[in-house]
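Chains, contacts and geometry: an overview
Here are the chains, one letter per residue:
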Amino acid sequence: MQAHQADELDTAEKLYREILKLQPMQPDALHYLGVLCHQCGRSDEAVELIGKALSITPRHPDAHNNLGNVHKECDRPLEAEACYRRALECGPTHYNALSNLAVVLEIQDRLDDAFNAYTALLQQAPQFAPGHYLLGLFLRNHAQNVEHLEQSAECFRTAFEIDPRNVRALEALGVSLYALKRHEEAAQVYRDWLVREPENPVPRHMLAACGGADAPARADDDYVRNVFDGFAESFDEQLLKNLGYRAPQVLTDALTQVLEAPQSRLDVLDAGCGTGLCAPLIRPWARQLTGVDLSGGMVEKARLRGGYDTLAVAELTAYLEAQPAAYDVVLSADTLVYFGDLLPVLRASRAALRPDGWVAFTLEALDGELDRSELSSSGRYRHSRNYVERALLQTGFDDIRIVPDTLRKEAGEPVRGWVVLARRDSSDVRGEAE
Ligand SMILES: C[S@@+](CC[C@H](N)C(=O)[O-])C[C@H]1O[C@@H](n2cnc3c(N)ncnc32)[C@H](O)[C@@H]1O
């Protein structure tokens, strides 16, 4: 168990298996080996092992809770719900099981039930900081009025007061305050945080996002790593299930309209692949599917999901620059929103594409006729249509298609975006006007 906790998974697995050789039905070894198998992407084996452990110790709340987690992460919310309910029957004060139950009810869009579960959790365990944080996210994700946003800010504040290590709650507090138009208070949250941690890239970026400092040309690498390494565990749950995230689907739908029928013939780069949500959608077209992302945590999730031939942890522009004429398609869902200035990354994409290759990406939309981009309070950039068009023309693309669509929700509101496709022009030399 010590090896397991230290993330030495090979050692831990070997030791659990040795125990099971000596005593095949040792329940703890079965249970923890199951958890380990799930961490390594062998979730069917995990279900079998934890199930076996529960046949010996059927009233073990942790085992029910962990089995629930396996089902939740394998997209089986009903099975997960049943496990969490069993965990709570066996251990009524199992706060993790109750908070997981709330999350899994939210995933199923049973918002009243989820709200009741969060409330029960906080009545039972008012000092449980993750409960306040999760309720804050719930209230903001599904906000129907200003009161919900105000309550979300209070939840984040309480979560941070109880556990000052929980800086994600601080980031979330700033975002809620900004959404409430309390801009100066939001900036103050980040300023105070920077005083305590001057090197932390998150408050630095977020202070710029609320207008309290100059915006960088793109989100800096440390910020991206910090945010997405911390987000990797809950990314699919938060975005896909709770925020109606549809960028991968919308983008691949658009792209497949310009590609030939799927024949596994194209070399495709998923640029900013995250947890790998685009992989199953684009795979039928790909001979080689490569994923690249700055966040090692996200790439690890993509590796577990499967579908890629190659995965790399690297900064996107630098990675593209090192791959001349290597791809037929460069696809990027919800990643160029971390780039204010699109010219370097588009120039690098063009160089990485073969003649007539396609670049395909989504962005968040900035209204108006002006040719510009801006860092918004969410920490992501928005781009105007004129900016995107000019940047593509300037970096050597033609056949430009920019279509508006809704990519996800935020604070209860749809986030409008652009779905962009463009073809690398066929000239060998870039006639690019700087
Ligand atoms: C919102 S996620 C989208 C992930 C995935 N494309 C999807 O649609 O699910 C954005 C991803 O972009 C990555 N990212 C942001 N800036 C990057 C950069 N400069 N280089 C590489 N990856 C970057 C982040 O690490 C994160 O995984």
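What counts and how
- Residues numbered from 1 in each chain as written.
- Predicted model: local features only at pLDDT ≥ 70, side-chain atom pairs only at ≥ 80, totals over all residues.
- Heavy atoms only, no water.
- Buried < 20%, exposed > 50% of the residue type's maximum accessible area, 1.4 Å probe, protein only.
- Helix = DSSP H or I, 4+ residues; strand = E, 2+ residues; numbered from the N terminus.
- Arc of directions from axis to C-beta.
- Pairing = 2+ DSSP bridges.
- Near = heavy atom within 4 Å.
- Polar contact = N/O pair within 3.5 Å; in protein donor to acceptor, adjacent residues only side chain to side chain.
- Areas by Shrake-Rupley, 256 points an atom, 1.4 Å probe, with all protein chains shown as cover.
- Nonpolar A, V, L, I, M, F, W, Y, C, P; charged D, E, K, R; others polar.
- Phe/Tyr/Trp six-rings, centres within 6.5 Å; stacked < 30°, edge-to-face > 60°.
- Lys NZ or Arg CZ within 6 Å of the ring centre and 35° of its normal.
- Core = buried A, V, L, I, M, F, W, Y, C linked by side-chain atoms within 4.5 Å.
- Domains from an automatic or database assignment.
- Contact = heavy atoms within 4.5 Å.

Overview of helix α18 (residues 296–305)
Taken as a whole, α18 has its buried residues at Met298, Val299 and Ala302. Projected onto a plane normal to the axis of α18, the buried residues spread over an arc of 100° and lie on a single side. Directly beyond the C-terminal end of α18, a positive phi value near 85° is found at Gly306.

Regarding the pairing of strand β4 (residues 327–332)
Here β4 lies mainly inside the structure; six of its six residues are buried. Strand direction decides the pairing type here: strand β1 (residues 266–271) and β4, joined by three bridges, are parallel. In the strand pairing of β4, Val268 is matched with Val329. In this structure, β4 lies alongside strand β5 (residues 353–366), joined through five bridges in parallel fashion. What sits directly across from Val330, in β5, is Val359.

Comments concerning the site of the ligand
In the vicinity of the ligand there are 22 residues, among which Tyr245, Gly272, Asp293, Glu315 and Leu316 approach most closely. Here a nitrogen atom of the ligand and a backbone polar atom of Gly272 are 2.7 Å apart. Within the backbone of Leu294, one N or O atom sits 3.2 Å away from a nitrogen atom of the ligand. Alone, the ligand offers 600 Å² of accessible surface; in the complex the protein occludes 99% of this. Of the residues that constitute the shell around the ligand, the class distribution is 14 nonpolar, four polar and four charged.

Points about the packing of aromatic side chains
Within the structure shown, the criterion is met by eleven aromatic pairs. Taken together, Phe228, Phe231, Phe235, Tyr245 and Tyr338 form an aromatic cluster joined through their ring pairs. Here Arg390 stacks its cationic end above the ring of Tyr387, 5.1 Å away from the centre of that ring.

A look at the nonpolar core
A general trend in soluble globular proteins is that nonpolar side chains are found buried together. Counting residues in hydrophobic clusters, the biggest one holds 99 residues, and the most contacted among them are Leu255, Leu342, Phe361 and Leu392. Of the residues that make up this core, three or more belong to each of domain 1 (127–214) and domain 2 (235–424). Here Phe361 is in contact with Leu251, Ser332, Leu336, Leu346, Val388, Leu392, Trp418, Val419 and Val420, once residues within four sequence places are set aside. One finds Leu88, Ala97, Leu101 and Leu139 within the second-largest nonpolar core, a separate group that totals 24 residues.

Geometry only, nothing functional implied.
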